[in-house]
Amino acid sequence: RERAREILESDARRGSNRLGVEAMELLDAYGIPTPQGDVVSSPVEAEAIAEEIGDDVVMKIVSPDILHKSDIGGVEVAVPVEEVRDTYEDLVVRARNYQEDATILGVQVQEMVDLDNGVETILGMNRDPQFGPLLLFGLGGIFVEVLEDNTVSVAPVSETEAEGMLDDIDSAPLLRGARGRDPVDEATLVETIQRLSQLVTDFPAIVELDINPLVARPDGVQAVDLRLTLD
Ligand code: ADP
Ligand code: MG
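Owing to the predicted nature of the structure, the values given are computational and were not obtained by experimental measurement.

Is there a simple way to explain the domain arrangement of the protein chain in this structure?
Accessible area lost upon the coming together of the parts serves often as the stated size of an interface. Each domain of the protein chain was delimited in the assignment, giving domain 1 (2–111) and domain 2 (119–230). Each of domain 1 and domain 2 has a C-alpha centre, and these two points are 22 Å apart. Contacts between the two partners involve 24 residues from domain 1 and, on the opposite side, 19 residues from domain 2. Taking both partners together, domain 1 and domain 2 bury about 2,000 Å²; carbon and sulfur atoms supply 64% of that area. Of all residues in domain 1, Tyr30, Ile32 and Pro33 give up the largest surface area on contact with domain 2, accounting jointly for 29% of the area buried on that side. Between Asp225 and Lys69 there is a salt bridge, with its nearest N and O atoms 2.8 Å apart. At the junction of domain 1 and domain 2, the tally comes to 10 residue pairs in polar contact (both at pLDDT 80 or more). The class makeup of the residues in the side of domain 1 that touches domain 2 is 14 nonpolar, 6 polar and 4 charged.

For this particular structure, what's the right way to read the site of ligand 1?
Among the 17 residues in the neighbourhood of ligand 1, the closest are listed as Lys60, Lys69, Ser70, Gln110 and Val113. One of the backbone nitrogen or oxygen atoms of Lys69 is found 2.8 Å away from an oxygen atom of ligand 1. Between an oxygen atom of ligand 1 and a side-chain N or O atom of Glu120, the distance comes to 3.0 Å. Protein contacts shield 86% of the accessible area of ligand 1, which totals 540 Å² for the unbound molecule. A majority-of-atoms criterion places ligand 1 in the largest pocket. Secondary-structure elements contributing two or more residues to the shell around ligand 1 are β3 (57–62), β5 (106–111) and β9 (206–217). Counted by class, the shell around ligand 1 contains 8 nonpolar, 4 polar and 5 charged residues. When residues are assigned to domains, the shell around ligand 1 turns out to be shared by domain 1 (2–111) and domain 2 (119–230), each giving three or more.

Got a minute to help me understand the packing of helix α3 (residues 43–53) against helix α4 (residues 84–98) in this structure?
The relative placement of two packed helices is expressed as an angle between their axes plus a distance between the axes. The contact between α3 and α4 brings their axes to 8 Å, and the two run at 130°. When the axes of α3 and α4 are compared, the pair comes out oblique. Along this stretch, α3 crosses α4, giving a crossing that reads as right-handed. Here Pro43, Val44, Ala46, Glu47 and Ala50 of α3 lie close against α4, whose contacting residues are Val84, Arg85, Tyr88 and Glu89. When grouped by side-chain class, the residues that make up the contact of α3 with α4 number 6 nonpolar, no polar and 3 charged.

Even after reading the chapter, I still don't get unusual backbone geometry, so can you show me in this structure?
What you tend to see is this: most non-glycine residues have negative phi, and most peptide bonds are trans. Geometrically, the link from Ala155 to Pro156 is a cis peptide bond, its omega value of 0° lying close to zero. Looking at the element boundaries, Pro156 is found in the loop between β8 (150–154) and α6 (159–168). With an omega of 10°, the peptide bond running from Asn212 to Pro213 counts as cis. Secondary-structure assignment places Pro213 in strand β9. If you check the backbone angles, Arg179 has positive phi at about 55° while not being a glycine. Topologically, Arg179 is positioned in the loop between α7 (172–175) and α8 (186–202).

What's the story with the coordination of the magnesium ion (ligand 2) in this structure? I'm lost.
Ligation of the magnesium ion (ligand 2) by protein atoms is provided by Asn212 (O) and Asp225 (OD), these donors lying 2.2 Å from the ion. With a gap of 13 residues between them, Asn212 in strand β9 and Asp225 in the loop between β10 (220–223) and β11 (227–230) connect regions that are remote in the sequence. The partly exposed category is assigned to Asn212, whose relative accessible area is 21%. Overall, the relative accessible area of 14% leaves Asp225 in the buried class.

Help me understand the sheet that holds β3 in this model?
Within a sheet, adjacent strands bond to each other through the backbone by hydrogen bonds, running parallel or antiparallel. An order of β2-β5-β3-β4 is seen for the 4 strands of this open sheet, with the pairing classed as antiparallel. Two strands close off the open sheet at either side, each with one partner strand: β2 (37–40) and β4 (75–79). Averaged over all neighbouring strand pairs, the angle between strand axes comes to 20°, with direction disregarded. Pairing of β2 with β5, which is carried by 4 bridges, proceeds in the antiparallel orientation.

Teacher, can you tell me more about the layout of surface pockets here?
One way to see where empty space is left: roll a probe the size of a water molecule over the atoms. Looking at the largest pocket, its volume works out to about 840 Å³. If you trace the largest pocket, you find 27 residues lining it, with Ser70, Glu120, Asn212, Pro213 and Asp225 closest to the centre. Where the lining of the largest pocket is concerned, the elements lending two or more residues are β3, β4, β5, β6 (119–128), α5 (143–147) and β9. If one sorts the elements of the lining of the largest pocket by residue count, β9 sits on top with 3 residues. Here the residues of the lining of the largest pocket sort into 13 nonpolar, 5 polar and 9 charged. Split by domain, the residues of the lining of the largest pocket number at least three in each of domain 1 (2–111) and domain 2 (119–230).

Quick notes on the rules
- Residues numbered from 1 in each chain as written.
- Chains lettered and ligands numbered in written order.
- Predicted model: local features only at pLDDT ≥ 70, side-chain atom pairs only at ≥ 80, totals over all residues.
- Heavy atoms only, no water.
- Domains from an automatic or database assignment.
- Contact = heavy atoms within 4.5 Å.
- Buried area = accessible area lost by both parts, 1.4 Å probe.
- Salt bridge = Lys/Arg side-chain N within 4 Å of Asp/Glu carboxyl O.
- Polar contact = N/O pair within 3.5 Å; in protein donor to acceptor, adjacent residues only side chain to side chain.
- Nonpolar A, V, L, I, M, F, W, Y, C, P; charged D, E, K, R; others polar.
- Near = heavy atom within 4 Å.
- Areas by Shrake-Rupley, 256 points an atom, 1.4 Å probe, with all protein chains shown as cover.
- 1 Å grid on protein atoms, 1.4 Å probe; cavity = no way out; pocket = protein on both sides within 12 Å on 5 of 7 lines; lining within 4 Å.
- Sits in = over half its atoms within 2 Å of the grid points.
- Helix = DSSP H or I, 4+ residues; strand = E, 2+ residues; numbered from the N terminus.
- Axes fitted to C-alpha atoms, helices over the stretch in contact; angles between N-to-C directions.
- Parallel < 35°, antiparallel > 145°, perpendicular 65-115°, else oblique.
- Left-handed = near helix turned anticlockwise from the far one by under 90°.
- Donors = N, O, S within 2.8 Å, 3.2 Å for Na, K, Ca; no water.
- Buried < 20%, exposed > 50% of the residue type's maximum accessible area, 1.4 Å probe, protein only.
- Pairing = 2+ DSSP bridges.
- Points joined across faces, edges and corners; volume = space filled by probe spheres on them.

Below you can see the structure in the form of structure tokens.
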């Protein structure tokens, strides 16, 4: 919790109340699994991170002015190490084309998460003036707007309530191994909902938060993207 406070304070000092993947450590601090990776501010550093990861990587532009990174070509998946430096430059150029004076914090270099054996879910929070923090869980990724399959619960949630959120969505069978898929690690998913519940309960300054996608897999979960707003 102390670590989370430090992260939030140092990010707030940068002057924006909108944070993105650069605040991923906040999730780490609460035991929510995130892919290996880091945000860097030069092509050479990006290459070094990719070498550390030792495989193809995902690269994302990091800017408080860019909400939907993939909409502006700000996400490149499956980038081989030898293309990391050029990709860094490409991402920055695309961001500048989108908004010339955008604040660019750098580029995130991230381990690839296997989506074939996973389900992209969304786990979020919206602070309601009447009800307090409302947790939202549902189907994520590209399906989020199309299917609108989600459920809401007031934080903090108990283990039973978190389990209930899983039961609530229409796509629950997808998580539980429909059509010969391996069922996802439900225990870790429930634990992750509770951990986020704890985070937003501990920090009233977080008014809005979205992990989209939270990839649920048979061997655990991975928070691949993060966006949050501080008051
Ligand atoms: P944004 O939502 O701002 O466009 P995301 O970080 O969510 O950016 O990336 C967009 C999509 O790219 C994700 O929904 C996911 O399908 C894919 N993606 C992002 N990061 C990874 C990763 N580490 N491994 C595999 N796929 C990824
Ligand atoms: Mg996203």
